[in-house]
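Next come the chains, spelled out residue by residue.
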Amino acid sequence: MHLWKRLTRPFRHAPHGRVLRLSPPESLLLGFTLLCLLGSGLLMLPGATTQPLAWHQALFTATSAITVTGLAVMDTSSFTTLGQVILLVLIQIGGLGFMTFGALTLLLLGARLPLQQQTLVREALGETSFGALSQLVRMVVTFALVVEALGTVLLALHWVPELGWSRGLWASLFHAVSAFNNAGFSLWPDSLTRDAGDPLVTLVVSGLFIVGGLGFVVISDVREKRRWGRFSMQTKVVLCATLAVNLVAMLALGCLEWHNPATLGGLESIGDKLQAAWFQAVTPRTAGFNSVDTAAMTDASSLLTMLLMFIGGGASSTASGIKLTTFIVLILVARAFLRGTQPAAFGRSISQQTVMKAIAVALAGVALVFVTLLVLTITDSRQAFLDLAFESVSAFGTVGLSRGITEELSSPGQWMLILTMLLGRVGPLSLGYFLATRRTRGMRYAEGHIQIG
């Protein structure tokens, strides 16, 4: 009895609720980590796979699913129906955010969200108003389920006649959920290359992950206001930038791969080539599907794809990366500096705090990719440098595209990717929260000058 009191004394005398007093980034990181461990345990259940699965492979797969990445050390087809269901649940939880699910559960039970949990969900969704939080959470889940159901029905029009009702419906549901959550997991070993020329599959899947990558705040803004003039500055920036980046990427990849017999050049018609070019241009925005062989792309196309993976999708979306808004802010700041004006967009100026946050997030992303690549060049030096760089950026952006070396990486290399996927998913949010909540303290110094360039 005395021993038990000694062991529990720190907890009994600790301030009330101290264990629960975690910042939103800390809680999200802890939650994702616990879900990864739980998911790896579930994947190792008897009957979850058709072949032996090592513990670190299970953890890699679970982390890839919960961070909606799509990198895999074994084909999804190697999992049984039970294993695929587990993957699908992890993808759904990871895509929408476990805090959203927790908040929804309390709301359905008629409970009022505590202030701390409101803060967690607000940070997870990028929502700044407490008043609209409950409504936004309901909208997020309802919208996701409706879009995934619609995607399942449309994909079933193609796969049910080909595979039958049972397999066709399951394939449609799996790919619809995976696409909307920007996960990139596919039931086929070659992803969607077999359907590269099918407009129904390519347009539905790309539409799902583009919508999922816009951000729930943008979707809510469009849904409520419905007119361009009433949209917020962020909504306008995300919509215009998404369209512009996708079209420019499609044009560039189309030109680079048009005559490559191993990618676009191997397709029969111009229509098939345009569809594949569109799909390969939009999928690096953290979706992870591919309709041509990624490993067969030219070095220039691979480099462009890495840039798109690094940028990622919209803020508070199922996508990751440094976020499209961060990239646009950096461009606007550079343009404003060259013109000698203040950075602005759509008649609104960009605050200095936003500029500093964008710079910090981008530099943190570059640093994480550099460290990951440095470690991989040490642990897996036998692999080509471009392949390792591609893998590093893909893990950071939680994209899932690969040049075919994921399974060949050493155990230390795979462990590094696990850490990168986790930090790539939670890291930008954590850094953004720190920059948004910090307070300037101490004395103010006189300005100095440092020569740049």
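These numbers were taken from a predicted model, which means no experiment stands behind them.

Enquirer: Explain the pattern of salt bridges to me, and be specific about the residues and the numbers.
Expert: Any two side chains of opposite charge can pair, on the condition that their charged atoms come close. Here the structure, examined in full by the defined rule, presents three salt bridges. Two residues, Arg194 and Asp190, come together in a salt bridge whose shortest N-O distance is 3.6 Å. Overall, Arg194 belongs to the partly exposed group, its relative accessible area being 46%. Residue Asp190 is classed as partly exposed on the basis of its relative accessible area of 33%. Among the ionic pairs, Asp387 bridges to Arg403, the shortest N-O distance being 2.5 Å. Here Asp387 is found in helix 16 (residues 385-396), whereas its partner Arg403 is found in the loop between helix 16 and helix 17 (411-437), with 16 residues between them in sequence. Each of the two residues, Asp387 as well as Arg403, counts as buried.

Enquirer: Describe the side chain of Asp272, naming the residues involved and giving the relevant values.
Expert: Relative to the assigned elements, Asp272 resides in helix 12 (residues 270-282). This buried residue, Asp272, is left without a salt bridge; Lys273 holds the nearest opposite charge, at 9.6 Å. What Asp272 contacts, discounting residues up to four positions off in sequence, is Ala196, Gly197 and Leu267.

Enquirer: I'd like a rundown of unusual backbone geometry, residues and numbers included.
Expert: If you check the backbone angles, Phe346 has positive phi at about 55° while not being a glycine. Looking at the secondary structure, you find Phe346 in the loop between strand 1 (344-345) and strand 2 (348-349). The backbone phi angle of Thr398 is positive, close to 45°, even though this residue is not glycine. Counting through the fold element by element, Thr398 comes out in the loop between helix 16 and helix 17. On the basis of relative accessible area, Thr398 is assigned to the buried category, the value being 0%.

Enquirer: Can you lay out the nonpolar core for me, pointing to particular residues and giving the numbers?
Expert: Ranked by size, the top nonpolar core spans 79 residues in total, and within it Leu43, Leu192 and Val205 carry the most contacts. The residues contacting Val205, other than those within four sequence positions of it, are Leu155, Ala179, Leu192, Phe279 and Phe289. Ala281, Leu324, Leu332 and Val355 belong to the second-largest nonpolar core, a separate cluster that totals 16 residues.

Enquirer: Explain the packing of aromatic side chains residue by residue, including any values.
Expert: For any pair of aromatic rings, geometry is given as the distance between the ring centres together with the angle between the planes. Tallied over the entire structure, the rule returns eight aromatic pairs. These aromatic residues form a ring-pair network of at least three members: Trp228, Phe231 and Phe346.

Reading guide: rules and limits
- Residues numbered from 1 in each chain as written.
- Predicted model: local features only at pLDDT ≥ 70, side-chain atom pairs only at ≥ 80, totals over all residues.
- Heavy atoms only, no water.
- Salt bridge = Lys/Arg side-chain N within 4 Å of Asp/Glu carboxyl O.
- Buried < 20%, exposed > 50% of the residue type's maximum accessible area, 1.4 Å probe, protein only.
- Helix = DSSP H or I, 4+ residues; strand = E, 2+ residues; numbered from the N terminus.
- Lys, Arg positive; Asp, Glu negative; His and termini not counted.
- Contact = heavy atoms within 4.5 Å.
- Core = buried A, V, L, I, M, F, W, Y, C linked by side-chain atoms within 4.5 Å.
- Phe/Tyr/Trp six-rings, centres within 6.5 Å; stacked < 30°, edge-to-face > 60°.

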